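# Observations on chain architecture
Given next are the chains, with one letter for each unit.
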Amino acid sequence: MTGFHALVHLADELYARFEQEGTLSDLSLAVVRYRSALTLASSDPAPSNDVRSKLLSNLANVLSIRFQRCGDIADLTRSIECYVTALELRSPGHPGRASTLANYATALLLQYGQLGVEEDIKLAIEHLQAVLEILPPSDPNRLIPLMNYASALFSRFQCTEDISDLDKAISEYHSILNTPSLENKATACYNFANALLSRFKVRDDPIDLDSSIKYSRAALAALKEGHPDHPSIITGLATGLIRRFELRGDATDLEYAIRNFRLALDLRPPGNPSRFSALSDGADALVMRYNRRVEFVDLQMAIDHYREALRLLPPNHKGEPVLLDNLGNTLFLRHARLGDLKDLDEAIEKHRLALDLCAGHPVRAVLMLEALANCYNIRFKEQKHSTDLHSAIYYFNEALSLAPADHPHYASILINIALCLGTRFRVYCELADLDRAISCSREALEILSPGHQDRALTLHTLAEVLLYRFEEKGNEFDIQQAYLYCSASLNMRTLNVPERASSEILFARVSRARLLPWNDAQDLEPIFLYLGRAKDFCMTNDPLLLEVYAELSTAHFLRYLLTQQPSELKQALGHHQLSLTLAGGTSFPALRASMQWVRDAEMHNHSLMVDAYRTAIRLLDRLVLETTCPDIRHFLVERNVAKLAGDAASSALMFQQPAVAIDMLEHARMLLWAQLVRVTTDLDDLRVTDTQGAELASELERLNAELGGVSTMSKKSRPLLKARDVVVEQIRRKQGFKDFLVQPEFSQLLKAASEGPIIIMTAGQRSCNALIVWGTGPPVCVPLPNISVSNVSLMASQFEDLTTDAGQVPCSKSKSREDQLAELLSDLWDRVVYPIVQQLIPHMPRGSRLWWCPTGKFSSIPLHAAGSYRTNAPSLSHIYVCSYTSTLSALMQSRTSSTQLPARRPPLASSISGFLKTKRSKQSLLHPPTALSSRSEPVTVIAIGHRNPEGFDDQLGIIRNCISPAVPLKCIEGEEVSTVTISKLLKESSWVHFASPVVHDPIRPFQSAFEMRDGSLTMCDVARIRPRVDFAFVSTCRVAESDRDSVIESMSLPACLQYVGFRSVIGPLCPVDTEVTRRVVSCFYENTRSAGPFHQVNAATALNEALKAIEETVPLSQRIAFVHVGI
């Protein structure tokens, strides 16, 4: 036993020396000696239970201390095991049981702090209660267990939020402070102050807060120099002062708090494991002072502190989500101050990271979700990317779903959802968004007290969305409610409130809508009063001035219509121009005003509606150009252009202005096609000219993007607008770009009709008309009184029903369908086409060519197939050769020589012997063969077959057999049918035949695609290729399922190909039976054996002859499917 006692004695000495000097090596040696002694004791029955339990307790103590110094969780685990064994040896009544229980409880508290297992803190509290029951009140050893007991209750409250634990902890802390001759008064005061501060956070009792600050100061006064709790006590005092500043707004408290946080940071120098906490606390206070004094140095220092705190944070620390969220908030503030988008992007990144780490903490997640949603909302307002708006709404909804109804931010989240939904409605016009916005606004109003600061905004928002719904649905209840809510909002916003101007503007809009229809100009006086006050409230360069001037222009225009006073029209035009000038050429308020001009002028049948339509189309064009988000551009066009184009043309024709009608139709439809097909733009043409062109294109895009991120009324926008004007002028000096961003005039559009008349079909609410455009002279308007826009829509639906899957109709139903189709085509002839033909016959011999340019729902009707099938009289195809064109500009571009535009295709260079001789003379061709034969070698015909040719119709074999051997033919099929190969061929080939599968999407034409072996070649891809194809034959087409009512203008696959650059295209409008396709292809290519030069302008006549050759043996629904588009 001598060795055993020597080991114990040596371990005790090492333990005592560590307590005096703090040398870690002494502690580790003590652990080794105690373990060695315990090993000896386990093999020798001589040591008593008292000796063993004391040895186990000492070993547990040193292991616990080493854990607190070094952080090795294994030491803590072993320490707890030793305490458990020691307790088994010290049964109830043992004099040492109380101290062992107390130490065991302390170790459990340490383990709870590391692992967060609730069972640990529960056991610790039970053991400490047992200790306090063992020790009499007068026992001096009772104080430390009592402090640990109070701390354990406080820790459990922090986990479970059971207020009874907190109340009991405070009571015990208070009793400790009343202990006579209290040695560690500083720590006792600090613990009491910390618990009081926590109770204040729960109950908002100012007495608790004041007492917390009082005892924190008492703790500092009692503090001995070098006390380890010094940083924590200072931090506790600073935190209490921050809370009191938030409660009472005394800036002195905030300044003292920041000073104390700085002192706490100094007491935790680099290398201190708690330094990250001091940095975070200091940053929080600096942000508060920034929000009060707006001194940038505070914001910058806060960001630096948060970044440093995150860098020092231990891995997987529970405070990481809060730190990330706070850094995101400060970056958001810096973005608001400096406007740097990188700050906003990083803020979103930090908030998302914080959310990922915050799973399972719904209370904390609510604020993080709200902050993230706010960031996305602001980024949408600056960048106009629709995904940001959708994300903002999503995260606001997520925050709402997690927040309880009594959450302090519940109402503000509802308001933000309503605001975002109102914004999304203005973009996408979904009534469901309006209904939800109204619901959220009403719910928020029920929560907010009558004097709440957010109530005015909520009333304003509700009035605005009710106005939108009234404008959509015309429900009088909505506009009356909007008037009441807007009036209430206006009354809450005093004269010095910045938002007063927006309330006055909205009140003017609501009042105007509420009093329609107008009869008396005097009714407009209050509107001028509201707008005048709004203008007075606006500061210089206030963006709301755009709204004011736009609304003033609308009010003056309406008063002009009622009074016919020229001065009112002058005022209207002046304010409208002022709105445009301030916005740099365009603005949503100005567009809205123009659309209101249209409605007002139509109501009074005034000729100014033509100018109003023209202005609206021009502004819409500019808005689309300057909108960077493709999705928003698409919906902006889809929402406005199709109806605008038809109604604008109808209004011009009503006032005998056919040339103006064509101008507006062309302008609007070029905008529509460019968005729906998403072809290359003028900027793409510019970019491929040369290095300077590429630089100018990039610079213009950069300037447009920057202008999209700043207010058009800000000082920053003015130099950007001037710089953009300079770039545009430089572009117009380049060859081929003198009309850059300039809409072609009617005199230029006439060139498109140089080889035959173009018949523009238009349907508006007022009338349906055909406009015949000749190569020279004024256009001729042919009214179509026997058909309305609703008739056209119905006819389009009927044609779709009768031609969809016509090739797969059973024989029993085929005749019935054919009869219905013949009847419908006869009706089309009588009501639409025959009146047009009557106008053409005196000027055009039979067999001449004409081009259809259908707009709106006319684009879904096979105009080329009309005929009097009831009487077996010659159909249109026996009178004239019909082609189609998407727009006049597209046809004019197809006719343009490549030498005029550097980036465009070269013309077809040589002739292919054996192509069909047409009835037209060579002198009628746009380009004589001699001018087009710049190549000496024959043009190679590229025939693209199926990606998997086995088992499929051999169209390529038909072409091989039909084309003259003198014509080079290259067949691509099987493995060669890839996106890379076909893309290359489209850039190099002049004549292409597609027998490969094609899927056409009428709703999203830019997604129509040729199916390749390695994927799809979409229309968008083809546009980017910049094809050099002069003639293409597409023999198959499968139409994707779509909602016919949602198709604003049908865009056939051949028309899409023409618009993306193909000069002449033949293709089907709908799926065609395989055998019919073989016969059409065969008849078309058989004629290539005839003598005569090939030119793409002969393709239409060739198709016409081929279809007439098979008309006796092929069903009508199949025969009319093939059309020609282009020159």
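Numbering of residues starts from 1 in each chain and follows the order in which that chain's sequence is written. With pLDDT at 70 or above as the cut-off, local features in this predicted model cover only qualifying residues; side-chain atom pairs require 80 or more to be listed or tallied, and sums for whole chains, interfaces and linings still use all residues. Heavy atoms throughout the structure, all of them, feed into the side-chain values; hydrogens and water do not.

## Describing the overall build of the chain
Per the convention used, a helix needs a DSSP run of H or I reaching at least four residues, while a strand needs a run of E reaching at least two, with both numbered from the N terminus. Counting its regular elements, the chain contains 45 helices and 15 strands. Using C-alpha atoms as the atom set, the radius of gyration is obtained and then compared with a globule rule of 2.2 Å times the number of residues to the power 0.38. Taken over C-alpha atoms, the radius of gyration comes to 41 Å for the chain, far larger than the 32 Å a tight globule of 1127 residues would show. Along the first, second and third principal axes, the C-alpha set of the chain runs to 130 × 80 × 60 Å. The buried share of the chain, reckoned over its 1127 residues, is 54%. Long-range pairs, those at least 24 residues apart, make up 69% of the contacts in the chain with a sequence separation of at least 6. If you sum the accessible surface of the chain, you get close to 48700 Å²; carbon and sulfur atoms cover 52% of it. Only four residue types enter the charge count, namely Lys and Arg as positive and Asp and Glu as negative; His and the chain termini do not. Where a charge lies is defined by one atom per residue type, namely NZ (Lys), CZ (Arg), CG (Asp) and CD (Glu). Side-chain charges in the chain split into 116 positive and 128 negative, and the spacing between the mean points of these groups amounts to 5 Å. Each residue's exposure class comes from its accessible area (1.4 Å probe, protein chains only) as a fraction of the maximum for that residue type: buried when under 20%, exposed when over 50%, partly exposed otherwise. Between two residues, a contact is recorded if the distance between any of their heavy atoms is within 4.5 Å. For every accessible area listed, the method is Shrake-Rupley and the probe measures 1.4 Å; residues are considered covered only by the protein chains on display.

## Examining helix α35 (residues 789–803)
An α-helix turns once per 3.6 residues; consequently, residues spaced three or four apart project the same way. To estimate how far a helix should reach, multiply one less than its number of residues by 1.5 Å. A rise of 1.5 Å per residue sets the reference length of α35, with its 15 residues, at 21 Å; its end C-alpha atoms lie 21 Å apart and thus fit the reference within 8%. When we look at burial in α35, the residues that qualify are Val792, Met795, Ala796, Ser797, Phe799, Leu802 and Thr803.

## Here's the deal with the pattern of salt bridges
Just to be clear on terms, a salt bridge is a Lys or Arg side-chain nitrogen sitting within 4 Å of an Asp or Glu carboxyl oxygen. Counted by the stated rule, this structure contains 46 salt bridges. Arg469 is paired through a salt bridge with Asp478; the nearest N and O atoms lie 2.8 Å apart. Take Arg469 and Asp478: they sit in the same class, and that class is buried. Measuring nitrogen to oxygen at the nearest pair gives 3.2 Å for the salt bridge that ties Arg592 to Glu551. With a gap of 41 residues between them, Arg592 in helix α27 (residues 588–603) and Glu551 in helix α25 (residues 544–563) connect regions that are remote in the sequence. What emerges from the salt-bridge pattern is a single network uniting Glu255, Arg289, Arg293, Glu295 and Asp298.

## Considering the packing of helix α8 (residues 163–177) against helix α9 (residues 185–203)
Axis definition: a line fit to C-alpha positions, over the contact stretch in the case of helices; interaxial angles, taken between N-to-C directions, run 0 to 180 degrees. Packing of α8 against α9 leaves a shortest axis separation of 9 Å and a crossing angle of 150 degrees. Classified by the angle their axes make, α8 and α9 are roughly antiparallel. Crossing angle aside, the handedness with which α8 passes α9 is left-handed. Residues Ile163, Leu166, Asp167, Ile170, Tyr173, His174, Ile176 and Leu177 of α8 lie in contact with α9, whose contacting residues are Ala188, Cys189, Asn191, Phe192, Ala195, Leu196, Ser198, Arg199, Val202 and Arg203. For the contact of α8 with α9, the class distribution of residues is 12 nonpolar, 3 polar and 3 charged. Here the angle decides the label: under 35 degrees means roughly parallel, over 145 means roughly antiparallel, 65 to 115 means roughly perpendicular, and every other value means oblique. Left-handed describes a crossing whose near helix is turned anticlockwise from the far helix through less than a right angle; right-handed describes the clockwise counterpart. Residues are grouped as follows: Ala, Val, Leu, Ile, Met, Phe, Trp, Tyr, Cys and Pro are nonpolar; Asp, Glu, Lys and Arg are charged; every other residue, Gly included, is polar.

## So, the packing of helix α39 (residues 955–962) against helix α43 (residues 1074–1086)
At a minimum axis separation of 9 Å, α39 and α43 run at an interaxial angle of 20 degrees. By the criterion of interaxial angle, the relationship of α39 to α43 is roughly parallel. Like other packed secondary-structure pairs, α39 and α43 cross with a definite hand, here right-handed. On α43, the residues that touch Gln955, Ile958, Ile959 and Cys962 of α39 are Thr1077, Arg1078, Val1081, Ser1082, Tyr1085 and Glu1086. Split by residue class, the contact of α39 with α43 holds 5 nonpolar, 3 polar and 2 charged.

## Some thoughts on the pairing of strand β1 (residues 758–763)
Of all 6 residues making up β1, 6 are buried, and the element is well covered by its neighbours. Burial of the side chains of β1 extends over both faces: Ile758, Ile760 and Thr762 are buried on one face and Ile759, Met761 and Ala763 on the other. Here 6 bridges tie β1 to strand β2 (residues 768–773), and the two strands are oriented antiparallel to one another. Paired with Ile760 across the bridge in β2 is Leu771. Hairpin connection, β1 to β2: the antiparallel pair is bridged by 4 residues. Here 4 bridges tie β1 to strand β4 (residues 849–854), and the two strands are oriented parallel to one another. In the sheet register, Ile759 faces β4, and the bridge partner there is Trp852. Note on pairing: DSSP must find at least two bridges between two strands before they are called paired.

## Remarks on the sheet that holds strand β11 (residues 1015–1018)
Backbone hydrogen bonds are what pair the strands of a sheet, in a parallel or an antiparallel way. Spatial strand order, β11-β10-β9-β13: 4 strands in an open sheet with mixed pairing. Each end of this open sheet is capped by a strand with a single partner; those strands are β11 and β13 (1038–1039). As paired strands, strand β9 (residues 998–1000) and strand β10 (residues 1009–1012) are joined by 2 bridges and run antiparallel to one another. Residue pairing for β10: Val999 is matched across the bridge by Ala1009. Against the sheet, helix α40 (residues 979–988) engages β10 and β11, with an angle of about 25 degrees to β11.

## Considerations on the pairing of strand β14 (residues 1064–1068)
For β14, a buried count of 5 out of 5 residues is recorded, marking the element as mostly surrounded by other parts of the structure. Residues Ser1064, Ile1066 and Pro1068 of β14 are buried on one face, and the alternating residues Val1065 and Gly1067, pointing to the opposite face, are buried as well.

## Some points on the packing of aromatic side chains
Paired rings are identified among Phe, Tyr and Trp, the last through its six-membered ring, by centres lying within 6.5 Å, and are further divided according to the angle between planes into stacked (under 30 degrees), edge-to-face (over 60) and tilted (the rest). In this structure the tally under the stated criterion is 18 aromatic pairs. Ring geometry for Trp991 against Tyr1085: centres 6.1 Å apart, planes inclined by 20 degrees, an arrangement best described as stacked. Here Trp991 is found in strand β8 (residues 991–994), whereas its partner Tyr1085 is found in helix α43, with 94 residues between them in sequence. As far as the burial class goes, Trp991 and Tyr1085 line up, both buried. Pairing Phe1033 with Tyr1085 gives two aromatic rings, centres 6.0 Å apart and planes at 35 degrees, and the pair type is tilted. Residue Phe1033 is located in strand β12 (residues 1031–1034), and its partner Tyr1085 is located in helix α43; the two are separated by 52 residues in the primary sequence. Of the residues examined, Tyr1085 reaches a relative accessible area of 0% and is grouped as buried. Through a chain of ring-to-ring contacts, the aromatic side chains of Trp991, Phe1031, Phe1033, Phe1084, Tyr1085 and Phe1122 assemble into a single cluster. Any Lys NZ or Arg CZ that is within 6 Å of a ring centre and within 35 degrees of that ring's normal is treated as a charge sitting over the ring. Its end group placed over the ring of Trp851, Arg895 keeps NZ or CZ at 4.7 Å from the ring centre.

## Thoughts on the environment of Pro862
One can find Pro862 in the loop between β4 and β5 (881–884). When the C-alpha atoms of Pro862 and Val1123 are compared, they prove to be 9.0 Å apart, with 261 residues separating the residues in sequence. With residues near it in sequence (within four places) discarded, Pro862 still touches Phe799, Leu825, Leu828, Tyr884 and Ile1120.

## Some remarks on the environment of Arg870
In this fold, Arg870 is placed in the loop between β4 and β5. Judged by its relative accessible area of 43%, Arg870 falls in the partly exposed class. A sequence separation of 599 residues divides Arg870 from Gly271, and the C-alpha atoms of the two residues are 97 Å apart.

## Examining helix α44 (residues 1099–1109)
Summarising burial for α44: 8 of the 11 residues are buried, a large majority. Regarding α44, the residues found buried are Ala1099, Ala1100, Thr1101, Ala1102, Leu1103, Asn1104, Ala1106 and Leu1107.

## So, unusual backbone geometry
In this structure, Asn316 takes a positive phi of about 60 degrees despite not being glycine. By relative accessible area, Asn316 is classed as exposed at 76%. At Gln564, a position not held by glycine, the phi torsion is positive, near 60 degrees. Inspection of the secondary structure assignment puts Gln564 in the loop between α25 and α26 (566–582). On the basis of relative accessibility, which here comes to 42%, the residue Gln564 falls in the partly exposed class.

## Observations regarding the confidence of the model for the chain
In this model, the chain carries a mean pLDDT of 86, and residues with pLDDT of at least 70 account for 90%. Per-residue confidence from the prediction method is given by pLDDT, with values spanning 0 to 100. The low-confidence segment residues 807–812, where pLDDT is below 50, has 4 contacts with residues more than four positions distant or belonging to other chains. Throughout residues 897–936 the model reports pLDDT below 50, and contacts reaching past four residues in sequence, or to other chains, amount to 108 contacts.

## Regarding the side chain of Thr423
Structurally, Thr423 is set in helix α19 (residues 410–428). Using a relative accessible area of 17% as the deciding quantity, one classes Thr423 as buried. If near-sequence neighbours (up to four positions away) are discounted, Thr423 is found in contact with Phe380 and Leu389.

## Comments concerning the environment of Ala590
Secondary-structure assignment places Ala590 in helix α27. In this structure, the C-alpha to C-alpha distance between Ala590 and Leu578, residues 12 residues apart in sequence, is 9.6 Å. When sequence neighbours within four positions are dropped, the list of residues in contact with Ala590 reads Ala550, His576, Ser579, Leu580 and Leu619.

## As for a nonpolar patch on the surface
Patches here: salt-bridge-free residues with over 30% relative accessible area, like charges joined within 9 Å, nonpolar side chains (Val, Leu, Ile, Met, Phe, Trp, Tyr) joined within 5 Å. Residues Ile73, Leu115 and Val117 make up a contiguous nonpolar surface patch of roughly 230 Å² in combined accessible area. Along the chain, Leu115 turns up in helix α5 (residues 97–115).

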